[in-house]
Structure formats: C-alpha cells, structure tokens
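# An overview of the molecular structure
What follows is the residue order along each chain.
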Amino acid sequence: MRIYINEAKHHVGEQVQIAGWLYNKRSSGKLHFLILRDGTGLMQAVVSKKEVPEEAFKLSGELTQECSLIVTGKVSEEPRSPGGFELHVSDVELVGKSEDYPITPKEHGIEFLLDRRHLWLRSKRQHAILRIRAETAAAMRDYLNSRGYVNLDTPIFTPNACEGTSNLFETEYFGSKAYLAQSGQLYSEAAIMSFSKVYCFGPTFRAEKSKTRRHLTEFWMLEPEEAWLDLEGCMDLMEDFIVEVVARVLDTRAEELKILERDTSILERVQKPFPRITYDDADRILKENESDFVYGDDFGGTDETILGDNFDRPVMIHRWPADIKAFYMKRDPDDYSKALAVDMLAPEGHGEVIGGSQREDDLEELEKRLKEHDLPKKYFEWYLDLRRYGTVPHSGFGLGFERTVGWICGTKHVRETILFPRMMYRLEP
Ligand code: 4AD
Ligand code: MG
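Below, the structure is looked at part by part. (Residues numbered from 1 in each chain as written. Chains lettered and ligands numbered in written order. Predicted model: local features only at pLDDT ≥ 70, side-chain atom pairs only at ≥ 80, totals over all residues. Heavy atoms only, no water.)

### Some details on the pattern of salt bridges
Opposite charge on two side chains makes pairing possible when the charged atoms of those side chains draw close. Put simply, the rule reads: Definition used for salt bridges: Asp or Glu carboxyl oxygen within 4 Å of a side-chain nitrogen of Lys or Arg. We count a stretch as a helix when DSSP gives it H or I for four or more residues in a row; a strand needs E for two or more, and each element gets its number in order from the N terminus. Here the term buried applies to any residue with accessible area under 20% of the maximum for its type, exposed to any over 50%, and partly exposed to those in between, with areas from a 1.4 Å probe on protein chains only.
Under the counting rule described, the total for this entry stands at 44 salt bridges. Asp-343 is paired through a salt bridge with Lys-325; the nearest N and O atoms lie 3.4 Å apart. Taken as a pair, Asp-343 in strand β15 (residues 335-346) and Lys-325 in the loop between β13 (315-321) and β14 (331-332) lie far apart in primary sequence, 18 residues in all. Residue Lys-325 is classed as buried on the basis of its relative accessible area of 13%. The shortest N-O distance in the salt bridge between Lys-330 and Asp-361 comes to 3.1 Å. Placement of the pair is Lys-330 in the loop between β13 and β14 and Asp-361 in the loop between β16 (351-358) and α11 (363-372), with a sequence separation of 31 residues. The class for Lys-330 is buried, based on a relative accessible area of 18%. If you follow the salt bridges from partner to partner, you end up with Lys-330, Arg-331, Glu-360, Asp-361, Glu-365, Lys-368, Arg-369 and Glu-372 in one network.

This is the structure in structure tokens:
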C-alpha cells in the first residue's frame with residue numbers, strides 16, 4: 001500500500017510503500033540510512049545489507065541528493081528518527097536520478113538561490129514558509145466565508161488607475177491601453193451594492209521601482225468591502241480578522257514555525273485590543289524618536305519600523321492628511337484636511353500590512369476628488385453611478401498577503417513568501 005509519510009502513525013507494523021525524494025543519506029558499512037521527503041514530512045528508511053536484495057543495497061549506496069524513488073518496507077516507531085517513525089526497507093526503486101544537485105547543505109548566496117527558485121522550493125525552510133502561506137490563505141478565507149462575506153473575483157485588466165498613476169503596468173489592448181489591476185477595491189464597491197459583504201483575493205500589480213524587503217511587483221491582496229461599515233467598524237474588522245488568522249496559524253502550523261525558528265511569543269501577543277493612534281500621534285512618536293520625518297508626508301520604511309516597534313502588537317494609524325491618500329477616501333467630518341483612512345503596521349520592521357478606509361459616498365464630493373487627482377471622469381462614470389443609485393456609507397481594506405505571511409514567518413524579505421517572486425530586477429524563473 002502506498003502511503004504518505006505523515007500517515008505512518010496509522011501503519012505501524014505494516015508493509016508500505018513511500019514515494020518521494022532523497023533528502024539526505026548516511027552510510028555505515030552494512031547499513032544505509034536514507035532520509036526521504038514527500039511533501040508531508042521527513043522519514044528515515046533503513047536499508048540493511050542482510051535484509052534487501054544485493055542490487056537494492058548497491059543502489060541505495062549510490063543514491064544522490066534529490067533523486068526520486070519508491071521505497072518498500074515495514075513501519076516502526078522510532079522516537080529518535082525525524083517524524084518519530086522509521087521504515088525497515090525490503091526494496092528500493094530509483095525513479096528519476098539527480099546528479100550534481102546544485103543546492104547543497106552549504107551556504108549559498110541569495111541571487112544563486114533566486115536563480116534556482118524552482119529547486120530552492122524543495123528546501124526545508126522554503127517548504128515551511130509556503131506551507132504557512134497556504135494555511136494563512138485558508139484561515140483568511142474561512143474567517144470571511146463563515147461570516148457571510150461573498151468571495152467575488154475582480155478583473156486584472158483595467159482601463160483606469162485605483163492607487164495612483166505612478167506605478168501602473170501598462171499593456172497593449174487591441175489598439176488601446178489597459179493596465180494591470182493595482183487593487184480590486186473599486187469593483188468590490190460595485191459588488192457590495194448587490195451582496196452587502198464581499199471580498200476579493202488575487203494578484204495585484206505595481207511597477208514599484210523600490211528594491212526593498214517589502215516590495216514585489218506582483219503580490220496578492222485580500223480585500224474585504226462592506227456596506228454600512230464606517231471607519232471604526234473597519235478597524236474592528238481588521239483587528240478581529242488578524243487575531244483569528246494568527247491564532248489559527250499558531251495552532252495548526254507550529255511545526256513549520258519551529259523550523260523557521262520563529263519567536264512565537266511575539267505572535268501570541270497578537271490579542272485585542274490593538275493600539276489605535278492618529279497620524280498626528282504617530283508624528284509625535286517619530287519626533288520623540290529623533291526621526292527626520294516631515295509632517296504631511298507618508299511614512300518611509302524606517303518610520304514604519306520605528307512606529308511598529310513602539311508597540312508589542314500591530315498598531316492602527318488612522319486619520320491621515322487627505323492630500324497623500326487615494327481619491328476615493330472619505331474626508332473626516334471633524335477635520336476636512338484628514339481622510340478617514342487607516343493603515344495597520346506590523347512590528348519587527350514588517351511595516352504596513354493593511355491599508356483601508358471609509359469610502360467617499362457622496363456624488364459631488366467624489367466628482368471633486370477625481371478632478372483634484374486629475375483622473376479622467378469618463379473611466380469612472382460607472383463608479384460614480386454607485387453614488388447615483390442608492391449610495392451607502394461603506395468601508396474596506398486591502399491586506400498585503402506576502403507582507404503578512406512574512407511577518408507571521410519572521411522572514412527578512414517578502415521574496416521568500418511567494419512561489420516565484422516578481423521584482424524590479426527579477427522576472428525569472
Ligand atoms: O495600501 P494599498 O495601496 O491599498 C489599496 O490598494 C486599497 N485599494 C486597498 C483597499 O482598501 N481595498 O495596498 C494594500 C496593501 C498594503 O498595505 C501593503 O501591505 C500591500 O498591499 N502592498 C504591497 N505588498 C507587496 N509589494 C508591494 N509593492 C505592495 N504595495 C502594497
Ligand atoms: Mg497603503
């Protein structure tokens with residue numbers, strides 16, 4: 001019977017087959033110890049000269065790192081072995097050889113590894129990060145699905161900008177121009193007028209000329225949007241959402257977090273309430289920390305690190321100078337110079353993981369904003385219709401998925417949190 005390594009506990013004493021790749025090997029005279037991996041775990045297979053055909057013993061001695069193979073044997077409990085179980089081998093079959101595998105247990109430079117991302121994925125650390133990525137995505141979907149948010153997918157080809165025109169990817173579209181989506185938000189705003197609560201979760205694109213640990217040109221964004229929700233409600237949602245998602249990953253992916261040597265006590269502190277401070281408060285904190293931050297600007301990477309590290313859990317910064325925020329954000333009725341915007345910053349230098357806001361729901365105000373931002377009204381007529389026909393107060397946010405996964409995993413750079421990272425200087429493999 002063919003089993004996966006993580007099913008071994010149900011098959012103690014049985015004869016089984018395991019198909020996988022050779023992770024490592026040790027030999028000592030009459031014994032070969034093969035460490036197999038199959039995506040579900042690691043398992044030691046013991047090949048003893050007196051228990052296998054001569055051919056199989058010889059073959060085992062010649063197996064090389066990352067060759068694929070099928071091993072037959074009996075499962076036994078072995079607390080000292082990785083995973084706690086061992087296979088006493090009766091036969092070994094080589095399926096695909098692997099000669100001079102380029103990624104060896106020694107240290108390699110980052111460019112060397114990124115050039116070989118297709119192979120690097122197999123390493124223990126990368127496997128753990130991507131496993132956590134998948135779990136985080138599942139946790140996020142479960143949170144929203146179980147609370148009645150409808151998952152609808154927004155288009156990638158768009159005729160207009162959502163988050164400013166400076167980092168748009170332009171492409172030819174049958175004789176006219178199209179842009180790759182920077183966000184699904186505007187389309188989700190249309191969808192809430194039909195469903196009340198929706199979310200989209202997909203790839204978004206920004207021609208970022210920044211070579212930082214936090215920037216990709218193609219990244220995934222999870223964006224809930226909700227009718228009748230104000231800025232306070234939006235902050236409540238962001239907070240509750242992050243608390244539940246982090247708790248789920250801590251619970252179900254403890255093993256992977258251990259592989260990553262993540263200090264989980266930092267994640268255990270992710271409990272309600274998160275501090276909520278205004279942009280003006282943030283300015284004061286920066287000044288106290290001798291930053292050369294200028295009031296009215298957006299926070300730079302260093303400022304975000306200072307602000308994030310000022311608290312022991314994520315911090316929400318709200319009420320931003322409207323001038324530096326997107327056209328669709330509603331103004332604060334108590335201070336017209338401010339937008340009802342909120343950013344959530346994660347600690348440990350991971351920076352802005354979420355950006356959200358209450359949306360402008362008034363037709364005339366929105367028309368004014370489009371003009372101020374020099375955006376072509378004709379492409380936004382449909383968006384203005386949402387204010388013409390049954391407008392409602394509404395809010396939503398966009399969570400940068402790779403930054404969030406990077407924070408949970410404690411990785412230095414977001415490039416390790418996506419299968420094949422796309423950055424300013426990297427389109428391959
Ligand atoms: O703050 P942003 O630009 O917000 C929006 O796009 C809104 N339309 C979202 C909404 O309200 N529905 O982007 C949202 C998040 C950021 O907080 C950040 O975490 C992430 O997306 N992000 C990036 N992540 C990786 N690489 C980049 N180049 C990113 N740019 C933004
Ligand atoms: Mg933002």
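### Section: the environment of Ile-132
Keep this limit in mind: When checking whether two residues touch, look at their non-hydrogen atoms; a contact exists if any pair is within 4.5 Å.
Residue placement: Ile-132 occurs in helix α4 (residues 124-145). Note: C-alpha distance between Ile-132 and Ser-68 (64 residues apart in sequence) is 25 Å. For Ile-132, the contacting residues outside a window of four places in its chain are Val-249, Arg-253, Glu-256, Leu-257, Leu-260, Ile-408 and Cys-409.

### Focus on the site of ligand 1
Let me state the cut-off plainly: Throughout this document, a residue counts as near a molecule or strand when at least one of its heavy atoms sits within 4 Å of that molecule or strand. Polar contact criterion, stated in full: a pair of N or O atoms within 3.5 Å, where within protein one must be able to donate a hydrogen and the other to accept it, and residues adjacent in sequence count only if both atoms are side-chain atoms. In this description, accessible areas are obtained by the Shrake-Rupley approach with a 1.4 Å probe, and a residue is regarded as covered only by the protein chains that are shown.
Around ligand 1, a shell composed of 22 residues is seen, among which Glu-163, Gln-185, Arg-206, Glu-223 and Glu-352 lie nearest. Within the contact set of ligand 1, an oxygen atom lies 2.9 Å away from a side-chain nitrogen or oxygen of Arg-359. Phe-397 is positioned with one of its backbone polar atoms (N or O) 3.5 Å from a nitrogen atom of ligand 1. In isolation ligand 1 exposes 630 Å². Once the protein is present, 93% of that is buried. Where the shell around ligand 1 is concerned, the elements lending two or more residues are β11 (218-227), β16 and β17 (394-400).

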